Amino acid sequence: MLTKPELSPESERARDVCSRHGNRPDELIEILHELQDELGYVPESVIPVIAKTINLSRAEVHGVVTFYHDFRREPAGRHVVKICRAESCQSMAGEALCSHAKASLKAGFGETTADGAVTLEAVYCLGNCALSPAMMVDGQLHGRVDARRFDEIMSETLSEAAQ
Amino acid sequence: MTRVFVPDDAAALSMGADKVASALKAEADKRNLNIEIIRNGSRGLLYLEPLVEVETSAGRVAYGPVAVKDAASLFEADFLNGGKHRLGHGLTEEIDYLKKQERLTFARCGIIDPLSVAEYKAHGGFAGLAAALKKSGADICKDVTESGLRGRGGAGFPTGIKWKTVHDARADQKYVCCNADEGDSGTFADRMLMEGDPFTLIEGMTIAGIATGATQGYVYIRSEYPHAIAKMKQAIAVLLAAGFLGDNIQGSGKSFALAVRTGAGAYICGEETSMLESLEGKRGMVRPKPPIPALEGLFGKPTVINNVLSFAAVPDILSHGAEFYRNYGMGRSRGTLPFQLAGNIRQGGLVEKAFGITLRQLLEDFGGGTFSGRPARAIQVGGPLGSYVPASQFDMAMDYETFAANGAMVGHGGIVVFDDTVDMARQARFAMEFCAIESCGKCTPCRIGAVRGVEVIDRIIAGVERDKNLIVLDDLCQTMTEGSLCAMGGLTPMPVQSAVKHFPEDFDRPPVAKAAE
């Protein structure tokens, strides 16, 4: 059996995803989204693999990964909580919600709780402005979130995961 | 079988619509009643979500906001026959909030099953496309120009003129791009339409393709809208199968392909040239203009770029005629605008009205005042780059020119209400901070100016040489306005300067010990 140079599992995934997108450079953002969905983040090691596969320079791929807020360079917690910090939510005591979230999770924005359960992220508008303040937990949108609802949603989220 | 409507619009879901739908189904099963639950879009009465409707012989009857715990009592009140209940609002169409609107773009939203071609057609869908297929591209552009439709994304450029430019350009390939990067706080109309009536947007884009000779379209949707992305992808698949997209549309010989592209959390990609870069798979860096995208856009080819609501207005213009659309509105602002009532407001939601309605009418007649019950102090109109309008100007008519004359902008029609607890100096600081976070970094006034802006406002808040720093802030704002490449840096001074101008008392508070975070 012929042995090929070993590719890390992440790099294998990256090549698969690129090929699903026809190895097209204009689909780079879609490629990164899909890869992040699969791996939870965009590891540094896949950047040269993607660059070679879709015929871009490493600098170009690095530039795209770092430009967009969505792409993570490190794994996130098991749950991702995004709280809106834009004007509409500000007008409905959104900053108080942010303080409550930070205190109760003991993590700041962009940080993950010590047990690796929750990553807290700031987001600027979730399009739920008539029902501010808004937050999103693992892609699930919630409206009219105050401290009490935040606690309810979080305990539901964490207990579902425990089951 | 009784038809019961429970929206699957993201706003309704955010208030528990999925659980309500299952609770109603379970309750019906328990009582051996046969109901069909239809997941419609939202009617836009977001303060009543989840708004459950029941189809009766008299029409659809509304109940809301329904919680899981209300399911049993609704059945006991015989809501399947429109029975009285404390959450009941009578016939949906008779609810004041809805009745007083002039719905054109959102005429079907919340009424039909968003993915049913049959229902879409039964409510006038594809009449615009049928009309367009009988016309030349130039005639379609002429209709759109004569309708007076202006870009609903905020800038208000005449849509027909843009289309004509692409139509007249010679190229082997042209594109139609829909800007659905609805990043402005206080706006959700694009999202509601894509989730509640996606075929209208697709029909509008297809007409743009036929009008200009473009055969490929893209919808660029922000990643914060997973529900809209999923619904648009489903809608495209349904219409491909039904022969309304793809090759040889309805046997006309015309072709139009459409794909969804997902943004990645960059606000700046709502700027059209930045969006083009992003669609090409690059960093969302703003391009200098000229060349205008209508001549050199996506991949350097002539490209129509419009907002969701601009495309969605087009089918009506084609099916009812330019004159019909023109008859709504005032001055040079023709047609209707879906206003979005948000922030500290009791009855938030979507209100589609002809231009000319005042802020006060929106706030009081529709919105029912603030959510907190305190006096409204400021309304930010047109997103994070729009002005803070003080209560003394709430009687201003909503049209592009009136607002511009008063140093404000209508923008995308988003209205964010603040009560009297707001600190306008903090809001001004946030405008600069947001610009610093979201600037693409291409031009200096925006990239550096926003950072300096935060610092200067911090000094003003801290009471450090306040008068001198207000002059510096004014100078900085002028540099950003005049020197920035796009609206991000160019308009950030709008909320800042309007706050300073209308709420000077907030910039003249006694110094606090710890000002900067």
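Residues numbered from 1 in each chain as written. Chains lettered and ligands numbered in written order. Predicted model: local features only at pLDDT ≥ 70, side-chain atom pairs only at ≥ 80, totals over all residues. Heavy atoms only, no water.

Visitor: Hey, could you go over the environment of B:H502 for me, with residue numbers and the actual values?
Guide: Structurally, B:H502 can be placed in helix α21 (residues 493–502). When the C-alpha atoms of B:H502 and B:M275 are compared, they prove to be 34 Å apart, with 227 residues separating the residues in sequence. (Helix = DSSP H or I, 4+ residues; strand = E, 2+ residues; numbered from the N terminus.)

Visitor: Tell me about the layout of surface pockets, residues and numbers included.
Guide: Quantified by volume, the largest pocket comes out at close to 1,400 Å³. Considering the residues around the largest pocket, the lining is formed by 49 residues, among which A:Q36, A:D70, A:R72, A:K82 and A:E121 are closest to the centre. Among the secondary structure elements, those contributing two or more residues to the lining of the largest pocket are α2 (28–39), α4 (58–67), β1 (79–84) and β3 (118–123) of chain A together with α11 (226–241) and α17 (424–438) of chain B. Residue contributions to the lining of the largest pocket peak at five residues, all from α2(A). (1 Å grid on protein atoms, 1.4 Å probe; cavity = no way out; pocket = protein on both sides within 12 Å on 5 of 7 lines; lining within 4 Å. Points joined across faces, edges and corners; volume = space filled by probe spheres on them.)

Visitor: Summarise the interface of chain B and chain A; cite the residues concerned and give the values.
Guide: Residue-level contacts link 62 residues of chain B with 40 residues of chain A. Together chain B and chain A conceal approximately 3,700 Å² of surface at their shared face, both sides included; 56% is due to carbon and sulfur atoms. It is B:S14, B:A264 and B:R283 in chain B that bury the most area against chain A; as a group they hold 15% of the surface buried on that side. Taken together, chain B and chain A are joined by 25 residue pairs in polar contact (both at pLDDT 80 or more). Residue assignment for the side of chain B that touches chain A shows that the elements contributing at least two residues are α1 (10–14), β7 (216–221), α11, β8 (257–262), α12 (272–279), β12 (336–343), β16 (414–419) and α17 of chain B. (Contact = heavy atoms within 4.5 Å. Buried area = accessible area lost by both parts, 1.4 Å probe. Polar contact = N/O pair within 3.5 Å; in protein donor to acceptor, adjacent residues only side chain to side chain.)

Visitor: Account for the packing of aromatic side chains, with residues named and values stated.
Guide: A complete count under the given rule lists 19 aromatic pairs over all chains for this structure. Plain terms: the ring middles of A:Y68 and A:F71 are 6.2 Å apart, the flat faces sit at 80° to each other, and that makes the pair edge-to-face. Of the two residues examined, A:Y68 and A:F71, each falls in the buried class. With a centroid separation of 3.7 Å and 5° between ring planes, the pair formed by B:F126 and B:F244 is classed as stacked. Residue B:F126 is found in the loop between α5 (117–122) and α6 (127–133), and its partner B:F244 is found in the loop between α11 and β8; the two are separated by 118 residues along the sequence. Taking relative accessible area as the criterion, B:F126 reaches 7% and is therefore assigned buried. Accessibility expressed as a relative area gives 6% for B:F244, which makes it buried. (Phe/Tyr/Trp six-rings, centres within 6.5 Å; stacked < 30°, edge-to-face > 60°. Buried < 20%, exposed > 50% of the residue type's maximum accessible area, 1.4 Å probe, protein only.)

Visitor: Any details on the sheet that holds β1(A)? Residues and values, ideally.
Guide: Residue and element names in this part refer to chain A. If you walk across this open sheet you meet the five strands as β2-β3-β1-β4-β5, and the pairing is mixed. Both outer strands of the open sheet, β2 (111–112) and β5 (140–142), are each paired with one neighbouring strand and no more. Where β1 meets strand β4 (residues 135–137), three bridges bridge the pair, whose relative direction is antiparallel. Its bridge partner lying in β4, K82 is registered against M136. In the packing of helix α6 (residues 94–105) onto the sheet, the strands contacted are β1 and β3, and the crossing angle to β3 comes to about 160°. (Pairing = 2+ DSSP bridges. Axes fitted to C-alpha atoms, helices over the stretch in contact; angles between N-to-C directions.)

Visitor: Lay out helix α15 (residues 359–366) of chain B in plain terms, naming residues and giving numbers.
Guide: All names here are of chain B. Those residues of α15 lying buried are L359, L362, L363 and F366. Projected onto a plane normal to the axis of α15, the buried residues spread over an arc of 120° and lie on a single side. Phi for G368, located one or two positions after α15, is positive at around 70°. (Arc of directions from axis to C-beta.)

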